Amino acid sequence: MRNLLLCPPDHFGIEYEINPWMSRERGADVELTKKQWRGLHEKLSGLDCHIDLVPPQPKLPDMVFTANAGLTVGKKFIPSNFHHAERKGESAHFARWMEEHGYEIIWLPETLDFEGEGDALFVGDSLICGYKFRSDINSHRAVGDVFNCRVISVELVDPRFYHLDTCFTPLPDGGAAWFPAAFDEYGQRAIRDLVPNLIDVEEAEAAHFSCNAVVLENDIVLPEGAPNLVKKLTARGYHCHPLPMSEFLKAGGACKCLTMFMPQRENIG
Amino acid sequence: MFSEIIELRGHIIDSLILPKVLDGILTEGGDFKILDIKIGQQRADQSQARIEISAPTKEKLDTMVVGLREHGAEVTKREETTTAASPSKPIA
């Protein structure tokens, strides 16, 4: 059983524009938002996940995207230092909740932007970290020091895929699904050197945030709109569960952005 | 020539940050000299490189440094060098 952290979308909405997907003129439908979030919650619960809920806070609409709360290994939690002022208020709420639930809170220096699991995903014992749009590459070094692990820093170059978890999905077999053009050429090479059996996701399906998937051993919960990726994952033996995510896509998020693993890894090495 | 000494730290080998930085310097019309490099021995060990970078103008050097900072380079020292012989620094 995996433990996950979600946040109900009570205060979710497109109230500012901090990525290319957001437009205040294209708001989210409140009822549909709740329905889609409940669909994710029910699906994950049915796949034997234990789900905790962090209380949503007014004026923090993106708290629903708990993947950006921070990064958890074992009982250690590094809260995010958000890049945009609009999200900075979330950190204290997430950190307090994690502390109340027995996690050791380790803050990075305030000068280092770091957006948690959104930009930090394990492949084996190596932590792949994205940088440029939201996280500062210097935060990767600090994270590596905290968890004593190898950190592979990869530059993100397409603003539509501003977090690593929007364009890269590690799989339990050691491979990954990814949208290569979201990375610069050095990042692509670094990933190819580290990760065998990569599944390339075509641009049209990547634009549906199909890489923003919650991977649970043999089950993969992902946004609908990626039939070719689903075929490839199914051929590898995974059970795919596509879900409607239209309202969260308007904010530049989907299944994985709405989910944080507690922990992402029990231990390293 | 104008020069700076920069430092790179982290998993700069596996991440290919070191070759990216060196390629970037050459692409911008600068030059570099690796002064010191320490490569981590274990998987979790970080590496460290001290690199002197140079450019024909201060503006070019500044532009280069701004770009390299995005990839984690930290400036440790700035120097202006000339090809003309300079007098020895007097000893106080």
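Refer to the preceding data block for the structure.
Criteria and thresholds
- Residues numbered from 1 in each chain as written.
- Chains lettered and ligands numbered in written order.
- Predicted model: local features only at pLDDT ≥ 70, side-chain atom pairs only at ≥ 80, totals over all residues.
- Heavy atoms only, no water.
- Helix = DSSP H or I, 4+ residues; strand = E, 2+ residues; numbered from the N terminus.
- Rg over C-alpha atoms; globule rule 2.2 N^0.38 Å.
- Buried < 20%, exposed > 50% of the residue type's maximum accessible area, 1.4 Å probe, protein only.
- Contact = heavy atoms within 4.5 Å.
- Areas by Shrake-Rupley, 256 points an atom, 1.4 Å probe, with all protein chains shown as cover.
- Lys, Arg positive; Asp, Glu negative; His and termini not counted.
- Charge placed at Lys NZ, Arg CZ, Asp CG, Glu CD.
- Pairing = 2+ DSSP bridges.
- Right-handed = clockwise from strand over helix to strand, strands pointing away.
- Core = buried A, V, L, I, M, F, W, Y, C linked by side-chain atoms within 4.5 Å.

Draft legend 1. Focus on the overall build of chain A. Each helix and strand counted, chain A has eight helices and 15 strands in total. Here the C-alpha radius of gyration of chain A, 17 Å, is about what a compact globule of 269 residues would show, namely 18 Å. The principal-axis extent of the C-alpha atoms belonging to chain A is close to 45 × 40 × 35 Å. The buried share among the 269 residues of chain A stands at 61%. Long-range contacts, defined as pairs at least 24 residues apart, comprise 69% of the intrachain contacts of chain A with a sequence gap of at least 6. Accessible surface computed for chain A: about 10,200 Å², of which carbon and sulfur atoms make up 48%. Each charge class in chain A can be summarised by its mean position, and for the 26 positive and 39 negative side chains these summaries are 1 Å apart.

Draft legend 2. Quick peek at the pairing of strand β14 (residues 239-243) of chain A. All names here are of chain A. Examined bridge by bridge, strand β13 (residues 219-223) and β14 share five bridges and lie parallel to one another. From the neighbouring strand, L222 faces β14, where its bridge partner is P242. Following the chain from β13 across helix α7 (residues 227-235) to the adjacent parallel β14, one finds a crossover that is right-handed.

Draft legend 3. The arrangement of the pairing of strand β4 (residues 76-79) of chain A in detail. Residues and elements named next belong to chain A. Where strand β3 (residues 70-73) lies against β4, four bridges are found, and the strand directions are antiparallel. Among the inter-strand pairings, L71 is bridged to a residue of β4, identified as I78. Taking the residues that link successive antiparallel strands as the turn, the β3-β4 hairpin has two residues, and the phi of G74 there is positive, at about 55 degrees. Note that β4 and strand β5 (residues 104-105) share two bridges and pair parallel. By the bridge assignment, F77 is partnered in β5 with I105.

Draft legend 4. Broad picture of the nonpolar core. With 67 residues, the main nonpolar core has L40, L44, I128, F168 and F183 of chain A as its most contacted residues. In this structure, F183 of chain A is in contact with V154, E155, L156, V157, L164, C167, F168, W178, Q188 and I191 of chain A, ignoring residues within four places of it in sequence.

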